[in-house]
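# Topology and contacts: notes
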Amino acid sequence: MTGAEILMESLLAQGVDTVFGYPGGQIMPVYDKLYDYSDRLRHILVRHEQGAIHAAQGYARVKNVPGTVMVTSGPGATNVVTGIADAMIDSTPVVVIAGQVSNAALGTDAFQETDFVNLTTPITKWTYQIRRPEDVAWAVARAYYIASSGRPGPVVLDFTKDGQTGLAEYVPARCDYIRSYVTDHEPSDALLTRAAAMIDAAQRPFVVFGHGIVLSGAEDALKAFLYKGDIPAGSTLLGLSSLDSDDTHFKGMLGMHGNLAPNVMTQNCDLLIAVGMRFDDRVTGTVKTYAKQAKVIHIDIDPSEIGKIISVDLGILGDAKQVLTRLTELIGSRTRTEWNHFTDDIKAVEKLKVINPELRPGDGAINPGEVVDIVAKVCQGDAIVVTDVGQNQMLAARYSRFKGVSASFVTSGGLGTMGFGLPAAMGAKVALPGRRVCLFVGDGGFQMTMQELGTLMQEGIGVKIVLVNNNWLGNVRQWQELFLGKRYSATRMLNPEYSRIAEAYGISYDSVEDRADLLPAVERLFADDAPAILQVHVREEANVFPMIPPGKSVSEIMLNKTEWI
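First, a word on scope: everything that follows refers to the structure included in this document. (Residues numbered from 1 in each chain as written. Predicted model: local features only at pLDDT ≥ 70, side-chain atom pairs only at ≥ 80, totals over all residues. Heavy atoms only, no water.)

So, about the sheet that holds strand β14 (residues 409-410). Taking strand neighbours across the sheet as the criterion, the 6 strands line up as β14-β13-β15-β16-β18-β17 in an open arrangement whose pairing is parallel. The open sheet terminates on both sides in strands that have one partner only, identified here as β14 and β17 (508-512). Pairing geometry for β17 and strand β18 (residues 532-537), over 5 bridges, is parallel. Bridge assignment links Ser511 to a residue of β18, and that residue is Gln535. Strands in contact with helix α19 (residues 421-431) are β13 (384-387), β14, β15 (437-442) and β16 (464-469); relative to β15, the strand with the most contacts, it is inclined by about 175°. Across the face of the sheet, helix α24 (residues 518-525) comes into contact with β16, β17 and β18 while running at roughly 165° to β18. (Pairing = 2+ DSSP bridges. Helix = DSSP H or I, 4+ residues; strand = E, 2+ residues; numbered from the N terminus. Contact = heavy atoms within 4.5 Å. Axes fitted to C-alpha atoms, helices over the stretch in contact; angles between N-to-C directions.)

So, on to the layout of surface pockets. If you add up the space inside the second largest pocket, you get close to 670 Å³. Looking at the second largest pocket, it is lined by 26 residues, and the ones nearest its centre are Ser245, Gly252, Asn259, Ile355 and Arg398. Those elements giving two or more residues to the lining of the second largest pocket turn out to be β9 (250-253), α16 (344-359) and α18 (391-399). If you tally residues by element for the lining of the second largest pocket, the top one is α16, at 6 residues. Across the lining of the second largest pocket, the residue classes break down as 10 nonpolar, 7 polar and 9 charged. (1 Å grid on protein atoms, 1.4 Å probe; cavity = no way out; pocket = protein on both sides within 12 Å on 5 of 7 lines; lining within 4 Å. Points joined across faces, edges and corners; volume = space filled by probe spheres on them. Nonpolar A, V, L, I, M, F, W, Y, C, P; charged D, E, K, R; others polar.)

Time to look at the pairing of β13. Side-chain alternation along β13 places Ile384 and Val386 on one buried face and Val385 and Thr387 on a second face that is also buried. Of the strand pairs in this sheet, β13 and β15 are connected by 4 bridges, and their pairing is parallel. Counterpart to Thr387 in the pairing with β15 is Phe440. Note that β13 and β14 share 2 bridges and pair parallel. (Buried < 20%, exposed > 50% of the residue type's maximum accessible area, 1.4 Å probe, protein only.)

Counting residues in each nonpolar core, the largest one holds 94 residues, and the members touching the most others are Val207, Phe225 and Leu272. Looking at this core, the element that brings in the most residues is helix α17 (residues 368-379), giving 6 residues. Beyond its immediate sequence surroundings of up to four residues, Leu272 is in contact with Phe206, Val208, Phe279, Tyr290, Ala291, Ala294, Lys295, Val296 and Ile297. (Core = buried A, V, L, I, M, F, W, Y, C linked by side-chain atoms within 4.5 Å.)

A word on the pattern of salt bridges. Scanning all chains against the criterion turns up 27 salt bridges. For Lys403, the salt bridge identified is with Asp246, shortest N-O distance 3.7 Å. With a gap of 157 residues between them, Lys403 in the loop between α18 and β14 and Asp246 in the loop between β8 (233-235) and β9 connect regions that are remote in the sequence. Note on Asp246: relative accessible area 54%, which makes it exposed. Between Arg515 and Glu370 there is a salt bridge, with the nearest N and O atoms lying 2.6 Å from each other. On the criterion of sequence distance, the pair formed by Arg515 in the loop between β17 and α24 and Glu370 in helix α17 is long-range, its members being 145 residues apart. Judged by relative accessible area, Arg515 falls into the partly exposed class, the value being 26%. Relative accessible area serves as the criterion here: at 5%, Glu370 is assigned to the buried category. Through salt bridges with shared partners, one network takes in Arg151, Asp302, Glu305 and Lys308. (Salt bridge = Lys/Arg side-chain N within 4 Å of Asp/Glu carboxyl O.)

Within a sheet, each strand pairs with its neighbour through backbone hydrogen bonds, oriented either parallel or antiparallel. Across the sheet, which stays open at both edges, the 6 strands sit in the order β9-β8-β7-β10-β11-β12 with parallel pairing between neighbours. With partners counted over all chains shown, the strands left at the sheet margins are β9 and β12 (314-317), one partner each. Taking the axes of each pair of neighbouring strands and ignoring which way they run, one obtains an average angle of 15° across the sheet. Those strands touched by helix α9 (residues 189-201) are β10 (271-275), β11 (295-300) and β12, and its axis lies near 130° from that of β12.

Worth remembering: the numbers are spatial, not functional.
This is the structure in structure tokens:
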């Protein structure tokens, strides 16, 4: 077989059913063979390579298997670099297969040659250049194993053109162990026993959990642990949907625009139990004042994260599901009623000062939070919520509701990539076509990748797009207003007529300016499974509160422009 044929067979052997990609000169032999496999490998032709990588991320995030990307060399490859970096920091398993010039042309600055190996090595788990057809099956098996095992992440295969066209015997390959790559960390019995004793002795333990819960499938294990110990918990941005929004032990989202209760509990607990999260600065605020009163237990599958940012009293290396299951067996059954109700008053303050003004403002322009709230009521917690980056992201995180199904919140967390939303929603819908997928996107992020409307059109991918339009780069404008003396530099947006864009792509479109029209429009949006856009014109000067300003402590929270706690 040719190397390209071996690639096709190897992808099928890994269970790959969908590839997001864009053809070009140095990957053309692979695309030629893909023609013969079109009944077994679905190829989604995106409109830009950035769309391919973000779509693969969305696919991976909801299906918990690696997404697959195929692009050509040079600009095709470099166009996926942002998405690779995004996948790395958010622990998303993707495999990128990039064409490359022939072996003889390597290093000659040949047409559309870039050193993609060295370009991507710092932002991948593994990067490998396939130069011979004999190495294809081995490399593919290794790539998918590395991408999906341990702490997941991106892998790049740089595939030379003569490696694609050369001939070799196809020998199916498996990979479930690499000597120098250890992913199965058996948690120490002694450390688990110590952790259980610390938990039992604590009067005010608090769990902060992140994306690791979703990645390890630890949702039920987390719930069992919290219920046995009667321990309250808060989620990072990427941990959302791991617990139902109305779970009695779930106190909300942590961090800069998070709920008051989990931030206050962080600063008042006597034991902080961190599970599958990395203490991002958006969660901790200034590190020197973060949870200084508490002992800290950190549970993570990645040894580099334990103690990296926050000093810990006990670090447990291991899979979140396995560790939580073992801890639940070891801890005593407790009732911590007073601690669970510790923040009842502060929750009432948030409702009075933040939530009610956002969701029930009375007259005037629509608030962006109202839009999220109406969608949440119509979808009743069962939609996959995808966001772009900015105010739309934070408000979607704050006011969406989740019930019964994890991995239902997809966003760009660590890198904060504008333009992520539309292609990621597309990938999520391809992965789980039976689920409703709702994208919240601002006018800025939408215009970064709105060419992917062409992919929705061609493939009939039923993403519901809620375009929250305030005619600004809203998140930057908010910072300029609050911290830079209202010096609005390069943040005002002159937007196109989106109805004409939707019409050009043959996609259903609706627009709302009056509050009375919002609920009927949202109900129409979700009445079928076809792709559709609902533009909602919202209050232009809207801000997202609460807010922990940059450089401030988790204890220093703005409720609005004039009030703090």
